Amino acid sequence: MRYRQLTTGTLALGVILLIDVLRVWLPGIITIFGQAASTPAELMGAFALGWFVLALGAPAVVRRVGARPVLVVAAVALAAARLALTAAPGGRTQLWLATAGLLAGLVWLVGVAADTDRPVPGLALGFAVNAALHAVWDTVDVVWWGTWVAWLFSSVAVLLFLLGTAQPVARAGDGGARAWLLAGPALLLAGMVALSPALARTGMSYLFAGDGVAGSPLFGLAPVPVAVAAFLFTASTRPPRGWGRAYGPVALLVGALLFASDRGDLLVPAVLLAAVGLGACLALTDDANRPNETAETEPTGAGSGTTSDVTSATAARRGYAVAIGMLVFALGAVGYYSAYDLGYPNAAVPVVVAGLVAVVAFTAQPVVQWLPGPFPPLRAAAAVTALALLAPVVADEVPVASNRDGPPERLTVVAYNIRMGFGLDGRFDLTGLTEVVERQRPDVVLLSEVDRAWLLNGGHDTLDVMADRLGMPYVFAPAADPVWGDAVLSRWPMDDARSLPLPAVGAPTGAQALGVTLDLSDGVRTAVVSTHLQPPPGQGPVVQARAVADFAIRYAAGRPLVVAGDMNTEPGDEAFEQFTAAGLVDALAAVRPLATSPADDPREQIDHIFVSAGLTPSDPVAPRSTASDHLPVAVTVTLPPR
């Protein structure tokens, strides 16, 4: 038994390290290798897919050299890359370290597959523990912390992984190829839907606001322990017999369809159903009906290649299965997120991948004699769930806005395109973002390019973490999909939130205008509109600018009004003049030209703040920072006398 536990635990640790590397590597494709919306998506996709295609050669290497040498060398390389990434160096060094770690992780998986005929317990445990830790860390992985705690945790994880790899392994039987094939698709669905803490909290935030917008939720991470428990328990227990086996595939497909519907209020049930379904599908592929008593008790030597009772062809078959499965992961991730640059429908991607998992699982040979897993299902699920239960207590904070003594005379407004939280060096830099905002001592902050759960960006809830650090509640409105859009944070209570989808006019990425009303006490109210205009290729956002201006004027209904965001238009352009023609005043006019992009060498004036005629702007500024590819813009506005 101890060899099975060791194999399972080491596989789980390796999966956790590989996911950590992926959460650095995936954003690096669009922030370091290329630039979203400027570097061709096809080029970035080819770069991403190339490494997964290269890993298809690993089974041939295993067959020639033997699984054990390949596994050990790849494990050392994966561990070294993961530990080096804890320094988060940024730039191309970070990209190539993450790339080396990714390739090493893929080769390591192939090596493990050659010697492991029952991967489901290890894969499921790795997915579940990673999700629980991701939630406890408030969706910001330790690789980005840069503190001694991050180094301590990373070092311990790497050391345990290497020690487990160095130990003898149990002899493998001839099964497991079907389960290894699902490793990649399951990783994609877990990261996108089933075990995504950021998606769960985003779904809760929609339930707290309604009307298509999201607000700061109470215990937003509460669904995560439920999803983790359901996933791990269903993955580690015997599936039902007969047609009862269909419950997992059906639940997974329904969860994927709810996720693909692009409705924020359906995200929580999507997460829970996908978690149940994904775990049950993995259980269906677990070759527990082929017990091998020798495999349970007799280890192979640490220096052996493939085991004596399994042919090299069987080992290669498992190796090719996991390599192909990881290629499916890459195709699904690249295919889904490239749509936001290329403009094709992407809702089918998670549904197709879920369908693939469902078919492979349901057509698996039914269990005849259930072989108990290396860890008792109830105890394992309870232990990981207990870890996940810390998240709503440790990581969930709910900033509260409250009226001060009397209405203020002035409001300081900051507008910032935060590039999903990634700085010019490709580092996830929430500290840099919050510091430059806090220096302005803002009363209201308008954010563009807010990402709340995209797997491509690391699965962070950028908005909620920023709101916690600034101590300001938020209202969020979706643009491209329910987890990507614009937000308003305020020290004053907000109500009457409304979102207007803007006409796409040929632009691949969606856009919207979010209106909120600040309650400044004593009946004093001010309207604020946050937007991010997305012009069609080679054109200005004239149609969208007109729509935002009209919406803002109607929404304000005569109250003081602030409109701000990344407008992607410069003073004097036709789109810019849509705002001035509506009677709005350029609040940054006194310091023009005020370039805001790119942040390291600003040349374009595309981030703006407009105010209604009754507001008096002063102290406009674009403070320097490379925490995003844009500079923030800030202004203090004096309210009309009462």
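Report on the accompanying structure.

About the thresholds
Residues numbered from 1 in each chain as written. Predicted model: local features only at pLDDT ≥ 70, side-chain atom pairs only at ≥ 80, totals over all residues. Heavy atoms only, no water. Helix = DSSP H or I, 4+ residues; strand = E, 2+ residues; numbered from the N terminus. Contact = heavy atoms within 4.5 Å. Pairing = 2+ DSSP bridges. Patch = residues over 30% accessible without salt bridge, like charges linked within 9 Å, V, L, I, M, F, W, Y side chains within 5 Å. Areas by Shrake-Rupley, 256 points an atom, 1.4 Å probe, with all protein chains shown as cover. Salt bridge = Lys/Arg side-chain N within 4 Å of Asp/Glu carboxyl O. Buried < 20%, exposed > 50% of the residue type's maximum accessible area, 1.4 Å probe, protein only. Core = buried A, V, L, I, M, F, W, Y, C linked by side-chain atoms within 4.5 Å. Axes fitted to C-alpha atoms, helices over the stretch in contact; angles between N-to-C directions. Parallel < 35°, antiparallel > 145°, perpendicular 65-115°, else oblique. Left-handed = near helix turned anticlockwise from the far one by under 90°. Nonpolar A, V, L, I, M, F, W, Y, C, P; charged D, E, K, R; others polar. Polar contact = N/O pair within 3.5 Å; in protein donor to acceptor, adjacent residues only side chain to side chain. Phe/Tyr/Trp six-rings, centres within 6.5 Å; stacked < 30°, edge-to-face > 60°. Lys NZ or Arg CZ within 6 Å of the ring centre and 35° of its normal. Arc of directions from axis to C-beta.

1. A word on the environment of Thr202
Here is step 1: In this fold, Thr202 is placed in helix α10 (residues 197-207).
Here is step 2: Separated by 176 residues in the primary sequence, Thr202 and Leu378 place their C-alpha atoms 29 Å from one another.
Here is step 3: Excluding residues that lie within four positions of it along the chain, Thr202 makes contacts with Leu267, Arg452, Asp461, Pro482 and Val483.

2. What about the sheet that holds strand β8 (residues 525-532)?
Here is step 1: The sheet built from 6 strands is open, its strands ordered β6-β7-β8-β9-β11-β10 with mixed pairing. Both outer strands of the open sheet, β6 (494-501) and β10 (585-586), are each paired with one neighbouring strand and no more.
Here is step 2: The sheet contact formed by strand β9 (residues 561-566) and strand β11 (residues 607-611) spans 5 bridges and is antiparallel. Pairing of Val562 across the sheet is with Val611, part of β11.

3. Some remarks on a nonpolar patch on the surface
Here is step 1: Taken together, the side chains of Trp148, Val149, Leu152, Val156, Leu159, Leu160 and Leu163 define a hydrophobic patch exposed on the protein surface, amounting to about 690 Å² of accessible area.
Here is step 2: Here Val156 lies in helix α7 (residues 148-166).
Here is step 3: Judged by its relative accessible area of 42%, Val156 falls in the partly exposed class.

4. Observations regarding the nonpolar core
Here is step 1: Grouped together as the largest cluster of nonpolar side chains are 157 residues, with contacts concentrated most on Trp25, Trp108, Trp180 and Leu489.
Here is step 2: Per-element accounting of this core gives the leading share, 15 residues, to helix α1 (residues 2-33).

5. Points about the packing of helix α9 (residues 183-194) against helix α16 (residues 348-362)
Here is step 1: Where α9 meets α16, the axes come as close as 10 Å, and the angle between the chain directions of the two elements is 135°. Here α9 is positioned oblique relative to α16, judged by the angle of their axes. Handedness of the crossing formed by α9 with α16: left-handed. Touching Pro185, Leu188, Leu189 and Met192 of α9 are Pro350, Val353, Ala354, Leu356 and Val357, all from α16.
Here is step 2: When grouped by side-chain class, the residues that make up the contact of α9 with α16 number 9 nonpolar, no polar and no charged.

6. Overview of the side chain of Ser338
Here is step 1: Mapping Ser338 onto the fold places it in helix α15 (residues 312-342).
Here is step 2: Contacts of Ser338, omitting those with residues within four sequence positions, involve Ala41 and Tyr344.

7. Quick notes on the pattern of salt bridges
Here is step 1: A full pass over the atoms with the stated rule returns 15 salt bridges.
Here is step 2: The partner of Asp141 in a salt bridge is Arg23, and the shortest N-O contact between them spans 3.3 Å. One end of the pair, Asp141, is in the loop between α6 (120-136) and α7; the other, Arg23, is in helix α1, and 118 residues separate them in sequence.
Here is step 3: Residue class for Arg23 comes out buried when judged on its relative accessible area of 10%.
Here is step 4: Salt-bridge contacts for Arg592 lead to Asp586; the nearest nitrogen and oxygen are separated by 3.0 Å.

8. Quick look at the environment of Asp286
Here is step 1: Examined against the element boundaries, Asp286 turns out to sit in the loop between α13 (267-284) and α14 (293-297).
Here is step 2: A relative accessible area of 4% means that Asp286 is categorised as buried.
Here is step 3: In this structure, the C-alpha to C-alpha distance between Asp286 and Leu133, residues 153 residues apart in sequence, is 25 Å.
Here is step 4: If sequence neighbours within four positions are ignored, Asp286 has contacts with Arg118, Val120, Pro121 and Trp370.
Here is step 5: Among the polar contacts made by the side chain of Asp286, one reaches the side chain of Arg118 at a distance of 2.7 Å.

9. Observations regarding the sheet that holds strand β3 (residues 444-451)
Here is step 1: Read from one edge to the other, the open sheet built from 7 strands follows the order β1-β4-β5-β3-β2-β13-β12, with strand pairing classed as mixed. Edge positions in the sheet fall to β1 (214-215) and β12 (616-621), since each has one partner strand and no second.
Here is step 2: Where strand β4 (residues 474-481) lies against strand β5 (residues 484-490), 6 bridges are found, and the strand directions are antiparallel. Along β5, the bridge assignment pairs Tyr474 with Leu489.

10. Examining the packing of aromatic side chains
Here is step 1: Tallied over the full model, the rule gives 24 aromatic pairs.
Here is step 2: One aromatic cluster is present, built from ring pairs that chain together Trp25, Phe33, Phe47, Trp51, Phe52, Trp96 and Phe329.
Here is step 3: The aromatic ring of Phe476 is capped on one face by Arg452, whose charged end is 5.3 Å from the ring centroid.

11. Description of helix α21 (residues 574-581)
Here is step 1: Every buried residue of α21 is accounted for by Ala575, Phe576, Gln578 and Phe579. Within α21, the buried residues cover an arc of 145° as seen down the axis, which keeps them to one side. Facing away from the buried side of α21, by more than 90 degrees, are the exposed residues Glu574 and Ala581.
Here is step 2: Among the structural elements, α20 (542-556), β9, β10 and β11 are those in contact with the buried residues of α21.
Here is step 3: Looking one or two residues past α21, Gly583 carries a phi angle of roughly 95°, positive in sign.

12. Some details on the side chain of Ser625
Here is step 1: Mapped onto the secondary structure, Ser625 falls in the loop between β12 and β13 (633-638).
Here is step 2: On the basis of relative accessibility, which here comes to 14%, the residue Ser625 falls in the buried class.
Here is step 3: Looking at Ser625, its side chain comes within polar contact range of the main-chain nitrogen of Ala627, at 3.1 Å.
Here is step 4: Among all residues touching Ser625, those that are not within four sequence positions of it are Tyr416, Gly432, Val436, Ala599 and Leu631.

13. Considerations on unusual backbone geometry
Here is step 1: With an omega of -5°, the peptide bond between Arg592 and Pro593 qualifies as cis.
Here is step 2: Position of Pro593 relative to the elements: it lies in the loop between β10 and β11.
Here is step 3: With an omega dihedral of -5°, the bond running from Ser597 to Pro598 counts as a cis peptide bond.
Here is step 4: Position of Pro598 relative to the elements: it lies in the loop between β10 and β11.
Here is step 5: The phi angle at Arg441 is positive, at roughly 50°, despite the residue not being glycine.
Here is step 6: Assignment of secondary structure puts Arg441 in the loop between α18 (430-438) and β3.

14. Concerning the pairing of β5
Here is step 1: Taking burial as the measure, the 7 residues of β5 include 7 buried ones, the bulk of the element.
Here is step 2: As paired strands, β3 and β5 are joined by 6 bridges and run antiparallel to one another. Directly across from Val445, in β5, lies its bridge partner Leu489.
Here is step 3: What sits between the antiparallel neighbours β4 and β5 is a turn of 2 residues.

By themselves these figures say nothing about function.
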